[in-house]
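# Examination of the molecular architecture
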2 protein chains.
Amino acid sequence: MTDENASTSVPMRLSAWGVVGIGEIRPDDQLGEIIADACRQEPNGPLCDNDVLVVTQKVVSKAEGRMVAIDADDPLSHKALVEDEAVRVVRRRGDLIITETKHGFVCANSGIDLSNVERGWAALLPIDSDRSARRIRDIVKARLGVSVGVIISDTFGRPWRKGLTDVAIGVAGVAAVVDLRGTPDALGRMMQVTEVCAADEIASAAELVMGKSSGIPVAVVRGVDPSWFRESSMSEIVRPPQEDLFR
Amino acid sequence: MTDENASTSVPMRLSAWGVVGIGEIRPDDQLGEIIADACRQEPNGPLCDNDVLVVTQKVVSKAEGRMVAIDADDPLSHKALVEDEAVRVVRRRGDLIITETKHGFVCANSGIDLSNVERGWAALLPIDSDRSARRIRDIVKARLGVSVGVIISDTFGRPWRKGLTDVAIGVAGVAAVVDLRGTPDALGRMMQVTEVCAADEIASAAELVMGKSSGIPVAVVRGVDPSWFRESSMSEIVRPPQEDLFR
């Protein structure tokens, strides 16, 4: 059913926009329903099959009750949570702790940060962001009748390069990693560089229309290669420690 | 002249497409002129001020004569080049060499790969991709009268996560890293996570419309926050070794 030639045909046009009208999310809010309802009223028009919804981790964590009270007057009060959420401390320098989380993500502070949450609270990562993504996908399908991909995104730093970028921490219905091995390049050679992390690239594209301060927690990305829509999980992205040179 | 509120106002709409009609690039080709001419005939319409042109490293290296003959029958014949182009080997396992290049990039094989180049040749990274980007920007301004940002992109791996993503290796006219420190978040708190690598996110968005096998080496990204257009350089992104925990 997939179009193997999709990535070699005339280039597609990608578009992305933030979904407006999603208010502050609270514990036990039905996030999928709220997103579906907001998309129904979107000035950019209705969702289509093969759109990708990118949903920021913060609202998923809020809806799933992953908020923990901290001492608002102690800037280090969430550091104990960081160690609770980690399976391993990868690096530590001063206040900066790079950990490996239970999910296998390597990031600062086990993914816990205090931006865009109420003072005195910290948001932990969702327990299983793939499940969170599948739930949103299924509710959108049920309420709007369209088959979309869903990516839960978070903002991570990386070694060697300054500045943060948005990456996927959960996926449903759209490839996490696209394997092009065996595909000829434009000169007919078999390609060497062949596994593209589509989900991280889509999360980055979505960040450009959400911003960090806008309070827009969901974006639509349209025009993704139709052959990439399939079952997926973060296990495509998380590199096992034994294959990793930096742990 | 910049709009400080651009990132907090109604969300923008981003769009991206591959530029068709750019043929095979050869040494001493005037890449900027070729790109400007192709953009003039683009079915998606003319370039506008504040568009970003994302140009893949491979065509820049070809135009700038950074092609080196190798032994096509020896799969390891480019490994000597890898060490020539490196200032430091960061990790090595089997055939995989992660190096720090003269530019300060940390990547596999000093950024040398053999995809999308003629058999028997390897493409080295441009000597100064910021300069390459500025040159394209200036030629586009001269020929088409529009002020665009230019990003030279390449495909890098990263620790901990599988799959490659496109990142910036050269920038001109558009911010590499956007510093949001001091900006209030949606709840009025000062943001902690504040430096966004806009150039890498734009490079990733562009990759989604270029693909790895399509032979489309240039994309237009439209709808980037207007306040991000300014002088810039890769020094915003390259993290100095003394600040880095993974070198």
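Predicted model only: the values in this text are computed from it and were never measured.

### Here's the deal with the overall build of chain A
- Across its full length, chain A holds five helices and twelve strands.
- Counting only C-alpha atoms, chain A reaches 60 × 45 × 25 Å along its principal axes.
- Here chain A holds 247 residues, and the buried ones make up 53% of them.
- Across chain A, contacts joining residues at least 24 apart in sequence account for 66% of those joining residues at least 6 apart.

### What about helix α1 (residues 31–40) of chain A?
- Those residues of α1(A) that sit buried are Leu31(A), Gly32(A), Ile34(A), Ile35(A), Ala36(A) and Cys39(A).
- Of the surrounding elements, those touching the buried residues of α1(A) are β2 (52–56), α2 (57–63), α4 (129–144) and β12 (218–222) of chain A.

### Examining the domain arrangement of chain A
Residues and elements named next belong to chain A.
- Assigned domains of chain A: these are domain 1 (13–65 + 126–238) and domain 2 (67–124).
- Computed from C-alpha coordinates alone, the two centres of domain 1 and domain 2 are separated by 23 Å.
- Contacts between the two partners involve eleven residues from domain 1 and, on the opposite side, eleven residues from domain 2.
- Of all the elements in the fold, those that place two or more residues in the side of domain 1 that touches domain 2 are α2 and β8 (149–156).
- Looking at the side of domain 1 that touches domain 2, the element that brings in the most residues is α2, giving three residues.
- Looking at the side of domain 1 that touches domain 2 residue by residue, the classes come out as five nonpolar, three polar and three charged.

### Topic: the sheet that holds strand β1 (residues 13–18) of chain A
- In spatial order, the strands read β9(A)-β8(A)-β2(A)-β12(A)-β1(A)-β1(B)-β12(B)-β2(B)-β8(B)-β9(B); together these ten strands make up an open sheet with mixed pairing. Edge strands, defined here as strands with exactly one partner in the open sheet, are β9 (165–172) of chain A together with β9 (165–172) of chain B. Each neighbouring strand pair of the sheet contributes to a mean axis angle of 25 degrees, computed without reference to strand direction.
- Examined bridge by bridge, β2(A) and β12(A) share four bridges and lie antiparallel to one another. From the neighbouring strand, Val54(A) faces β12(A), where its bridge partner is Ala219(A).
- Against the sheet, α4(A) touches β2, β8 and β9 of chain A, its axis set at about 70 degrees to β9(A).
- Of the strands in this sheet, β1, β2, β8, β9 and β12 of chain A together with β1 (13–18) and β9 of chain B are in contact with helix α5 (residues 198–210) of chain A, which crosses β9(A) at around 120 degrees.

### A few points about the pairing of strand β5 (residues 96–101) of chain B
Residues and elements named next belong to chain B.
- Direction of pairing for strand β4 (residues 86–93) relative to β5: antiparallel, over a ladder of six bridges. By the bridge assignment, arginine 91 is partnered in β5 with isoleucine 98.
- Here three bridges tie β5 to strand β6 (residues 106–108), and the two strands are oriented antiparallel to one another. Its bridge partner lying in β6, isoleucine 98 is registered against alanine 108.

### Examining the nonpolar core
- Judged by nonpolar contacts, the single largest core of 152 residues is most densely connected at Ile35(A), Ile151(A), Ile202(A), Ile151(B) and Ile202(B).
- Residues within four places of Ile35(A) in sequence aside, it is in contact with Val19(A), Ile22(A), Leu53(A), Val55(A), Ile136(A), Val140(A) and Val218(A).

### Quick word on the environment of Asp37(B)
- By secondary structure assignment, the location of Asp37(B) is in helix α1 (residues 31–40).
- Linking Asp37(B) and Ile22(B), residues 15 residues apart in sequence, is a C-alpha distance of 8.9 Å.

### Brief notes about the confidence of the model for chain A
- Confidence along chain A averages 90 in pLDDT terms, with 91% of residues attaining 70 or more.
- Scoring of the predicted complex yields 0.93 for pTM and 0.92 for ipTM.

### Examining the interface of chain A and chain B
- Tallying the contact residues gives 66 residues for chain A and 67 residues for chain B.
- Within the residue set of the side of chain A that touches chain B, elements represented by two or more residues are β1, β4 (86–93), β9, β11 (195–196) and α5 of chain A.
- Ranked by residues supplied to the side of chain A that touches chain B, first place goes to α5(A) with eight residues.
- Considered class by class, the residues forming the side of chain A that touches chain B number 30 nonpolar, 16 polar and 20 charged.
- Pairing of β1(A) with β1(B), which is carried by five bridges, proceeds in the antiparallel orientation. Residue Ser15(A) lies in a different strand from β1(B), and its bridge partner there is Ser15(B).

### Regarding the pairing of strand β12 (residues 218–222) of chain B
Residue and element names in this part refer to chain B.
- Within β12, four of the five residues are buried, leaving the element largely enclosed by the surrounding structure.
- Two strands pair when backbone bridges link them, and β1 and β12 are joined in this way by four bridges, in the antiparallel orientation. Within the sheet, the bridge partner assigned to serine 15 lies in β12 and is arginine 222.

The rules behind each value
Residues numbered from 1 in each chain as written. Chains lettered and ligands numbered in written order. Predicted model: local features only at pLDDT ≥ 70, side-chain atom pairs only at ≥ 80, totals over all residues. Helix = DSSP H or I, 4+ residues; strand = E, 2+ residues; numbered from the N terminus. Buried ≥ 20, exposed ≤ 12 C-beta atoms within 10 Å, placed from the backbone. Contact = placed C-beta atoms within 7 Å. Domains from an automatic or database assignment. Nonpolar A, V, L, I, M, F, W, Y, C, P; charged D, E, K, R; others polar. Pairing = 2+ DSSP bridges. Axes fitted to C-alpha atoms, helices over the stretch in contact; angles between N-to-C directions. Core = buried A, V, L, I, M, F, W, Y, C linked by C-beta atoms within 7 Å. pLDDT = per-residue confidence, 0-100.

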